[in-house]
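Here are the chains, one letter per residue:
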Amino acid sequence: MTAAPLDLISHSYTFDITDGRVIQGVLIAIDDQSNLLVTNAVETCGSHHRELGLVSIRRNTIARVLTTEREYSSIFARNSVV
């Protein structure tokens, strides 16, 4: 299954950052360099949490991208070929 970049917008994700931080939020834009713009962002580092609001995440700092099974199904269900 594949999805176009626009299909990934408006969904919630968890981004593991290479320096150990975790950012959760809603993806609202992807630029031509594959950097991400995330809103309602909350950063977790160890036991510390802070609300960031709107953040830009550089592509080369992303170690892993996670989403819930529900969000995954929502993204890929409309792109399935039957």
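Below is a short write-up of the structure. (Residues numbered from 1 in each chain as written. Predicted model: local features only at pLDDT ≥ 70, side-chain atom pairs only at ≥ 80, totals over all residues. Heavy atoms only, no water.)

**Remarks on the overall build of the protein**
Tallying secondary structure elements over the protein gives two helices and five strands in all. Here the C-alpha radius of gyration of the protein, 13 Å, is about what a compact globule of 82 residues would show, namely 12 Å. Across its three principal directions, the C-alpha atoms of the protein cover 45 × 25 × 20 Å. Within the protein, buried positions represent 27% of all 82 residues. Within the protein, residue pairs in contact and separated by at least 24 positions form 38% of the contacts whose partners lie at least 6 positions apart. One finds the centroid of the 7 positive side-chain charges in the protein at a distance of 2 Å from the centroid of its 9 negative side-chain charges. (Helix = DSSP H or I, 4+ residues; strand = E, 2+ residues; numbered from the N terminus. Rg over C-alpha atoms; globule rule 2.2 N^0.38 Å. Buried < 20%, exposed > 50% of the residue type's maximum accessible area, 1.4 Å probe, protein only. Contact = heavy atoms within 4.5 Å. Lys, Arg positive; Asp, Glu negative; His and termini not counted. Charge placed at Lys NZ, Arg CZ, Asp CG, Glu CD.)

**Remarks on the pairing of strand E2 (residues 22-30)**
As defined by bridge partners, strand E1 (residues 12-17) adjoins E2 across five bridges and the pair is classed as antiparallel. The residue bridging tyrosine 13 from the neighbouring strand is glycine 25, located in E2. Counting the residues between successive antiparallel strands, the hairpin from E1 to E2 contains four residues, one of them, glycine 20, with a positive phi of roughly 100 degrees. The pairing of E2 with strand E3 (residues 36-45) spans seven bridges and is antiparallel. Paired with isoleucine 23 across the strands is glutamate 43, a residue of E3. (Pairing = 2+ DSSP bridges.)

**Examining the pattern of salt bridges**
Side-chain pairs of opposite charge can arise where the charged atoms are in close proximity. The full count for this structure, using the stated rule, is four salt bridges. Between arginine 64 and aspartate 16 there is a salt bridge; the shortest N-O distance is 2.8 Å. Here arginine 64, found in strand E5 (residues 62-66), pairs with aspartate 16, found in strand E1; they are 48 residues apart in sequence, far enough to count as distant. Given the relative accessible area of 47%, arginine 64 is considered partly exposed. Assessed through its relative accessible area of 14%, aspartate 16 is described here as buried. (Salt bridge = Lys/Arg side-chain N within 4 Å of Asp/Glu carboxyl O.)

**Some thoughts on the packing of aromatic side chains**
Summed over the entire model, instances satisfying the criterion amount to two aromatic pairs. Both rings, one in tyrosine 13 and one in phenylalanine 15, keep their centres 5.9 Å apart while their planes meet at 45 degrees; by these two values the pair is tilted. For tyrosine 13, a relative accessible area of 8% puts it in the buried group. Relative to phenylalanine 76, the ring of tyrosine 72 lies with its centre 4.6 Å away and its plane at 40 degrees, an arrangement referred to as tilted. Here the residue tyrosine 72 and the residue phenylalanine 76 both occupy positions in helix H2 (residues 69-77), the gap between them amounting to four residues, near one helical turn. Looking at phenylalanine 76, the relative accessible area reads 14%, which means it is buried. (Phe/Tyr/Trp six-rings, centres within 6.5 Å; stacked < 30°, edge-to-face > 60°.)

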